[in-house]
Amino acid sequence: MRRARALLILLGAAGCAYYNGLYNARGLVDRAESAFRDGRDSVALAAWREAAAKADTVVTRYPRSKWTDDALLVAGVASAFAGNCAHGLERLAQWQRHPNADQRRRERVRVARGACLVRGGNPESALDSLAPVTRGGDETLSQIAAAWAARAALATGRGD
C-alpha cells in the first residue's frame, strides 16, 4: 500500500513539474512578445532564449507526454526568434509530425521560419513566407511577421 501511494505521489509530482515547465515557457513567450511590441529587443531576445530552454527541458524529460507537441512548438518558435535557427527548425520539424497543427500554430511556425530565412540570407523566401501572416488575425503575430518582413525587404533592396 505504501509503495502504491508513493508511486502515485511521484507520478503526480512529475506531471506537475512537466506542466509547470511548459506554463513557465509560455509565460516567457508572452513576455518576449510584449517586449518585442514595445521595441525592447534585448529583453525580448532574453525571454525567447529562456522560453526555448524551458520548453526544451520539458521535451527532453517528458518525450511521450500528451503535451510534447506544445513543448516542441514553443521550443522551436522561441529558438528561432532567439537566433538559434538550426535547433529551432529541428524542433519545428518534430512538431509538424504531431497531429495538433491548427492554423494559428502553423502561422507561428511560418513566422519563425521566415525569421530564420532572413537570418540565413534568404530574404526573398522569407518575404514569401511572412507576407500572408502580416495580414492575419492575430495582432501580435502580425506585428512580428511585419517586422521580419521589413528586415527581409530591406535586405532585398526594396524598402517599400
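Residues numbered from 1 in each chain as written. Predicted model: local features only at pLDDT ≥ 70, side-chain atom pairs only at ≥ 80, totals over all residues. Heavy atoms only, no water.

A. Quick peek at the packing of aromatic side chains. All told, the structure shown has one aromatic pair when counted by the stated rule. Aromatic pair W48 and F81: ring centres 4.8 Å apart, planes at 50 degrees, arrangement tilted. Residue W48 is found in helix α2 (residues 41–61), and its partner F81 is found in helix α3 (residues 68–82); the two are separated by 33 residues along the sequence. With respect to burial, W48 and F81 carry one shared label: buried. (Phe/Tyr/Trp six-rings, centres within 6.5 Å; stacked < 30°, edge-to-face > 60°. Helix = DSSP H or I, 4+ residues; strand = E, 2+ residues; numbered from the N terminus. Buried < 20%, exposed > 50% of the residue type's maximum accessible area, 1.4 Å probe, protein only.)

B. The nonpolar core, seen in detail. Counting 46 residues, the largest nonpolar core has W48, V77, F81, V111, L130 and W148 as its most contacted members. Among the secondary structure elements, those contributing two or more residues to this core are α1 (2–37), α2, α3, α4 (85–95), α5 (103–119), α6 (123–134) and α7 (139–156). When sequence neighbours within four positions are dropped, the list of residues in contact with W148 reads F81, A115, V118, R119 and L130. (Core = buried A, V, L, I, M, F, W, Y, C linked by side-chain atoms within 4.5 Å. Contact = heavy atoms within 4.5 Å.)

C. Local environment of the environment of W48. With relative accessibility at 4%, the residue W48 sits in the buried group. Ignoring any residue separated from it by four or fewer positions in sequence, one finds W48 in contact with V29, A32, E33, V77, A78, F81 and A82.

D. Region of the structure containing the layout of surface pockets. In this structure, the largest pocket encloses a volume near 310 Å³. What lines the largest pocket is a set of 14 residues, and nearest its centre among them are R26, V29, V74, R104 and R108. Counting only elements with at least two residues in the lining of the largest pocket, the list comes to α1, α3 and α5. Considering each element in turn, the lining of the largest pocket owes the most residues, five residues, to α3. A class-by-class count of the residues in the lining of the largest pocket yields six nonpolar, no polar and eight charged. In this structure, the second largest pocket spans a volume of roughly 170 Å³. Together, F36, D41, A44, L45, W48, F81, R119, I144, W148 and R151 line the second largest pocket. Sorting the residues of the lining of the second largest pocket by element identifies α2 and α7 as the ones contributing at least two each. No other element matches α2, which puts four residues into the lining of the second largest pocket. (1 Å grid on protein atoms, 1.4 Å probe; cavity = no way out; pocket = protein on both sides within 12 Å on 5 of 7 lines; lining within 4 Å. Points joined across faces, edges and corners; volume = space filled by probe spheres on them. Nonpolar A, V, L, I, M, F, W, Y, C, P; charged D, E, K, R; others polar.)

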